[in-house]
Amino acid sequence: MIIANPIYDVVFKYLLEDVEIARELLSTILGEEIQSLELKPQETDTEKSGGGISILRFDFKAIIKNKSGELHKVLIELQKAKKAFDVMRFRRYLGDNYRKEDDVINDKGESEKRPLPIISIYFLGFPLDNIHAGVVKINREYRDVVTQEILEIKEDFVELLTHDSYLIQARKLPRKARSKLERILQVFSPIYQTTNDQHQLDFQGDTNDPLIKKMLDRLGRAIASEEIRDNMDLEDELDRIFDREMKKLAAEKDEIIAEKDQLLIEEKNRAEVEKKRAEDEIQKNLELQRQIEELKKQIKP
């Protein structure tokens, strides 16, 4: 089935703007039931700089039902980068969310403004060097440092100061899915990219899953949209500019390093010449001192 390639920001954004698809996809990633999901107003944006690096950001308010049946409200921050990124921008977005507050019902049943616990999801279109798994969860645990006992507790003070993270590397998703999550994420896998048009995927994965059907249907509509295809062309042009600028910067960096190496070599040579000159002067002085001592001996009465 031919679909739009969701690695493109414009396609990824179009896909997740369907809140029901976003709710089911995030539920599958987290492994917990999201009962309600709200895309926060004005919190979906793409930042571009340097002619090509872009980070697409979604902020969702979610009510999650955990495995014990308890409901809790969280902020899910999803960030997507197609190329190697500036990690400080990821940190800045996260810092922005730590400062935000939302309406929460307290123990007395009253509404009050409080910060929400944060769950961050990083969706990467490029591979990381040291992490080979397609999906990784970086989670917290409460541990008694002395006894090493894991404490089965939750404390609001801790929950609001720390957060769980999920890392998804599209290029490292396995060809053969081993779980429901991997089957769902195959929709994003570059292995289905067609050779003649990188804007589209020829999806050959599981089409029986209800969520995958919804995603494929929406991505099928995306590939038929002239506006979306034009925006994909624009992303390609930005990528080309980025790659060209990166090559130029790399060449300039190599040139600067070569110049510094040459200066170091010249400085080393000058230092060796100065050292040899100093050693020769010392030898001359020693020889002159020896001659003076000999003359002194000769003129003694």
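**A look at the overall build of the protein**
Summing up its helical and strand segments, the protein has seven helices and 13 strands in all. With 301 residues in all, the protein has 37% of them scored as buried. When contacts within the protein are restricted to residue pairs at least 6 apart in sequence, those whose partners lie at least 24 apart make up 66%. Surface summary for the protein: the accessible area is close to 18,500 Å², and the carbon and sulfur share equals 52%.

**Some words on the pattern of salt bridges**
Pairing of side chains with opposite charge becomes possible as their charged atoms draw close. Per the stated rule, a full pass over the model turns up 18 salt bridges. Close ionic contact of D217 with R221 constitutes a salt bridge, the shortest N to O distance being 2.4 Å. One end of the pair is D217 and the other is R221, both in helix α6 (residues 210–223) and four residues apart, which spans about a single turn. Judged by its relative accessible area of 43%, D217 is partly exposed. For R221, a relative accessible area of 40% translates into the label partly exposed. The partner of R270 in a salt bridge is E267, and the shortest N-O contact between them spans 2.6 Å. Of this pair, R270 and E267 both sit in helix α7 (residues 226–298), three residues apart, which is roughly one turn of that helix. Using a relative accessible area of 45% as the deciding quantity, one classes R270 as partly exposed. E267 sits in the partly exposed class, given a relative accessible area of 44%.

**Some points on the nonpolar core**
I76, I121, V187 and F188 are the most contacted members of the largest nonpolar core, which has 49 residues in total. Setting aside anything within four residues of it in sequence, one finds V187 in contact with I3, P6, L201, F203, I212, M215, L216 and L219. Listed in part, the six residues of the second largest apolar core include I55, A81, L124 and F126.

**What about the packing of aromatic side chains?**
Within this structure, the stated rule accounts for six aromatic pairs. Across the ring face of F12, the terminal group of K80 is positioned such that the distance to the ring centre comes to 5.7 Å. Across the ring face of Y14, the terminal group of R218 is positioned such that the distance to the ring centre comes to 3.9 Å.

**Focus on a negative patch on the surface**
Taken together, E226, E227, D230 and D233 make up a surface patch of like negative charges. Along the chain, E227 turns up in helix α7.

**Overview of α7**
With 73 residues, α7 extends 107 Å between its outermost C-alpha atoms, agreeing within 8% with the 108 Å of an ideal straight helix rising 1.5 Å per residue. Within α7, the full set of buried residues consists of I228, M232, E235, D236, L238, D239 and F242.

**Focus on the side chain of E24**
With respect to the secondary-structure elements, E24 resides in helix α2 (residues 19–30). With relative accessibility at 17%, the residue E24 sits in the buried group. Side-chain polar atoms of E24 contact the side chain of K214, separated by 2.4 Å. The contacts of E24, once residues within four sequence positions are left out, are L211 and K214.

What counts as what
Along each chain, residue indices are assigned from 1 in the same order as the chain's sequence is written. pLDDT decides what is reported in this predicted model: residues at 70 or higher carry local features, side-chain atom pairs at 80 or more are listed and counted, and totals for whole chains, interfaces and linings draw on all residues regardless. Only hydrogens and water are set aside when side-chain values are computed; all heavy atoms of the structure are taken into account. Only DSSP runs of H or I covering at least 4 residues are called helices, and only runs of E covering at least 2 are called strands; the numbering of each starts at the N terminus. Think of it in three bands: with a 1.4 Å probe and only protein chains considered, a residue is buried below 20% of the maximum accessible area for its type, exposed above 50%, and partly exposed in between. Only heavy atoms enter the contact rule, under which two residues are in contact if any of them lie within 4.5 Å. Using a 1.4 Å probe, accessible areas were evaluated by the Shrake-Rupley method; residue-level cover was limited to the displayed protein chains. One side-chain nitrogen of Lys or Arg within 4 Å of one carboxyl oxygen of Asp or Glu is enough to make a salt bridge. For the purposes of this section, nonpolar cores are sets of buried Ala, Val, Leu, Ile, Met, Phe, Trp, Tyr and Cys residues that join through side-chain atoms within 4.5 Å. We call Phe, Tyr and Trp rings a pair once their centres come within 6.5 Å, taking the six-membered ring for Trp, and we label the pair stacked below 30 degrees between planes, edge-to-face above 60, and tilted otherwise. The criterion is that NZ of a Lys, or CZ of an Arg, lies within 6 Å of the ring centre and within 35 degrees of the ring normal, and then a charge sits over that ring. Here the term patch refers to residues with relative accessible area over 30% and no salt bridge, with like charges joined within 9 Å and nonpolar side chains (Val, Leu, Ile, Met, Phe, Trp, Tyr) within 5 Å. Under the counting rule used here, the positive set is Lys and Arg, the negative set is Asp and Glu, and His together with the chain ends is not counted. Here the site of a charge means atom NZ of a Lys, CZ of an Arg, CG of an Asp or CD of a Glu. For a helix, the expected span equals 1.5 Å multiplied by the residue count minus one. Polar contact criterion, stated in full: a pair of N or O atoms within 3.5 Å, where within protein one must be able to donate a hydrogen and the other to accept it, and residues adjacent in sequence count only if both atoms are side-chain atoms.

Worth remembering: the numbers are spatial, not functional.
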